[in-house]
Amino acid sequence: MSRSIQSVLCAVLTVLALSADAQDKAAAPVAATAPAVQSVNIQDVKPDASDAPGYADQTNAERSKVQPGNNAPMWRDVGKGVAGYSSLPKETAPEAGVLIQPFVQYPGSRVTNAGEAWRQVRNQWLIPYGGSLLLIVAGAIAVFFWRKGAIAMHGKPTGREIERFTPFERSAHWANAIAFVVLAISGLTMAFGKFVLQPIIGDTLFGWLTYLLKNAHNFAGPLFAVSLVVVFVTFLKDNMPRQGDLNWLLKGGGILSGHEVPSHRFNAGEKLVFWGGVFFLGAVVVASGFVLDKIVPGLIYERGTMQVAHMVHAVATVLMMAMFMGHIYIGTIGMEGAYKAMKTGYVDETWAKEHHELWHADIQAGKIPAHRSPEAPGSTAQA
C-alpha cells in the first residue's frame, strides 16, 4: 500500500515540475526585455539587468525595481551637484542639500568639482609659490642689509628737529601696523604652520595655537580695514604724483649709487607702497576678507563664493606682505633715523635734507611749517 502512495506522489511531483519548466520557457522572451527582480539582496542580483534599454538613464526609483540596493543614479546626481532635500532654511543654508559641488576649472586647476579645484589651487599654487615669494623677498632684504648695511646720515646732526609726523598720523599708522602684524602672523601660521610649526610643537599645541590666531585674525581684520581708510585719507595729499617721481624711480632712489635722488615728503618708492599696497591691494584684501567673515550684507554665502574669495584674498595678502616687507625694513633697521621719525614724530634737519631734499627746501622757504602740532617738544623743536 505504501509503495502505491509513493508512486502517486512521484507522479504528481513530476507533472508539477514539467509544468513549471514549460511556464519558464514561455516567459523567457519577456524576461530578456524587462529583467525582473532576482533577489532583495544586492549581492544576489544578476547583472543582466544592465542590458535593459535605457538602463544608464534610469532614475533611482526605476533602478530599484530591477536592482534593489543599487543607488548609482542617486550618487551620480550627487557628483553632478544636484541638490537634494534639506530641511534647513534656504536663506541661511542655500546649498545645504548639495553634497558635492558641480565641476568647474579655477585658474591653475583641472576640470573637477569645485571643492577639489579649490584644493588644487591652494596646495599646488598659493602655498608653494606664495611661500617662495616671501622667502625670496626676505632673502633679498637680508643680503642687501649684509652687503650695504643701514643707510646712514652723511652729515652731522644739527640738533634742530623737524616734525615729520603728527601724533594723529603716528596713531593711525601704528594702529594699522599692529593690525597688519597680527593678521600677517596669524595668516602665515594658518597657511604654512602645518609644514613648519606642527612637526615641532605637535598636533595639540598647534591646534590650540591656530584656533587662537584664527580668532585674532577675524577681530584684527575690521581694525585693519578702518585704520587703512584713516591712513589713506591722512596721507593722501602728500602721496599724490609730483614732478621728479619718475626720475626717482628710474634711478632707484639712488640706493645703490649712494647718492639719494631729491624727493618731497614721500619719495616715489613710498608712493608706490601707498597706491599699490595701501590703496589697491588693501581694498582687495579688505573686500575679500569681509566676504570670508560673512559680514557683507545681501551676499549669498555659497561654497563657491567663499572659495573664490579665499583665492583672491590669499594672492592679494601675499603680494601686500612682500611689498610691506621692504617698507618695514627701511622704516626700522634699513635707514638710520627712520624708526625715530615714526616713534617720536621728529627727525633731525640733516636727516630731512639728505633723504627728502625737496621737502626740506619747502620747509626752509616757509611753504610748509616745520612744526604742525600745537605743542613743540621743548628746546629741540626749533628748525
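The rules we used
- Residues numbered from 1 in each chain as written.
- Predicted model: local features only at pLDDT ≥ 70, side-chain atom pairs only at ≥ 80, totals over all residues.
- Heavy atoms only, no water.
- Helix = DSSP H or I, 4+ residues; strand = E, 2+ residues; numbered from the N terminus.
- Buried < 20%, exposed > 50% of the residue type's maximum accessible area, 1.4 Å probe, protein only.
- Contact = heavy atoms within 4.5 Å.
- Areas by Shrake-Rupley, 256 points an atom, 1.4 Å probe, with all protein chains shown as cover.
- Axes fitted to C-alpha atoms, helices over the stretch in contact; angles between N-to-C directions.
- Parallel < 35°, antiparallel > 145°, perpendicular 65-115°, else oblique.
- Left-handed = near helix turned anticlockwise from the far one by under 90°.
- Lys, Arg positive; Asp, Glu negative; His and termini not counted.
- Salt bridge = Lys/Arg side-chain N within 4 Å of Asp/Glu carboxyl O.
- Polar contact = N/O pair within 3.5 Å; in protein donor to acceptor, adjacent residues only side chain to side chain.
- pLDDT = per-residue confidence, 0-100.

Now for the overall build of the protein. The helix and strand inventory of the protein stands at 13 helices and 4 strands. The buried share of the protein, taken over its 383 residues, is 34%. Counting contacts in the protein only where the partners sit at least 6 residues apart, residues at least 24 apart contribute 64% of the total. Element-wise, carbon and sulfur atoms account for 67% of the exposed surface of the protein, whose accessible area totals about 23,200 Å².

The subject of this paragraph is the packing of helix 5 (residues 167-196) against helix 10 (residues 303-331). With their axes 12 Å apart at the nearest point, helix 5 and helix 10 run at an angle of 130 degrees to one another. For the element pair helix 5 / helix 10, the angle class is oblique. Between helix 5 and helix 10 lies a crossing whose hand is left-handed. Along its contact with helix 5, which presents H173, F180, A184 and L188, the element helix 10 presents M320, M321, F324, H327 and I328.

What follows covers the side chain of E163. By the element assignment, E163 lies in strand 3 (residues 161-163). No salt bridge is formed by the buried E163; the nearest opposite charge belongs to R372, separated by 4.9 Å. Of note is the side chain of E163, whose polar atom sits 2.6 Å from the backbone nitrogen of R372. In contact with E163, not counting residues within four places along its chain, are G345, Y346, W359, A370, H371, R372 and S373.

Taken as a whole, this structure holds 9 salt bridges when the rule is applied. The closest approach of N and O atoms between R303 and E95, which form a salt bridge, is 3.0 Å. Of this pair, R303 sits in helix 10 while E95 sits in the loop between helix 3 (72-79) and strand 1 (103-104), placing them 208 residues apart in sequence. Judged by relative accessible area, E95 falls into the buried class, the value being 16%. Taking the shortest distance from any N to any O, the salt bridge between R265 and D238 comes out at 2.6 Å. Note that R265 is positioned in the loop between helix 8 (245-250) and helix 9 (268-292) and D238 in the loop between helix 7 (203-235) and helix 8, a separation of 27 residues in sequence. Taking the relative accessible area as the measure of exposure, R265 reaches 6% and is therefore buried. Each of E169, D238, R265 and R372 takes part in one network of salt bridges that share partners.

To continue, consider the confidence of the model for the protein. Per-residue confidence for the protein gives a mean pLDDT of 85, with 84% of residues at or over 70. Within the model, the stretch residues 25-34 combines pLDDT values under 50 with 1 contact to residues more than four positions away or in other chains. Segment residues 378-383: pLDDT under 50, and 14 contacts once partners within four positions in sequence are set aside and those in other chains are kept.

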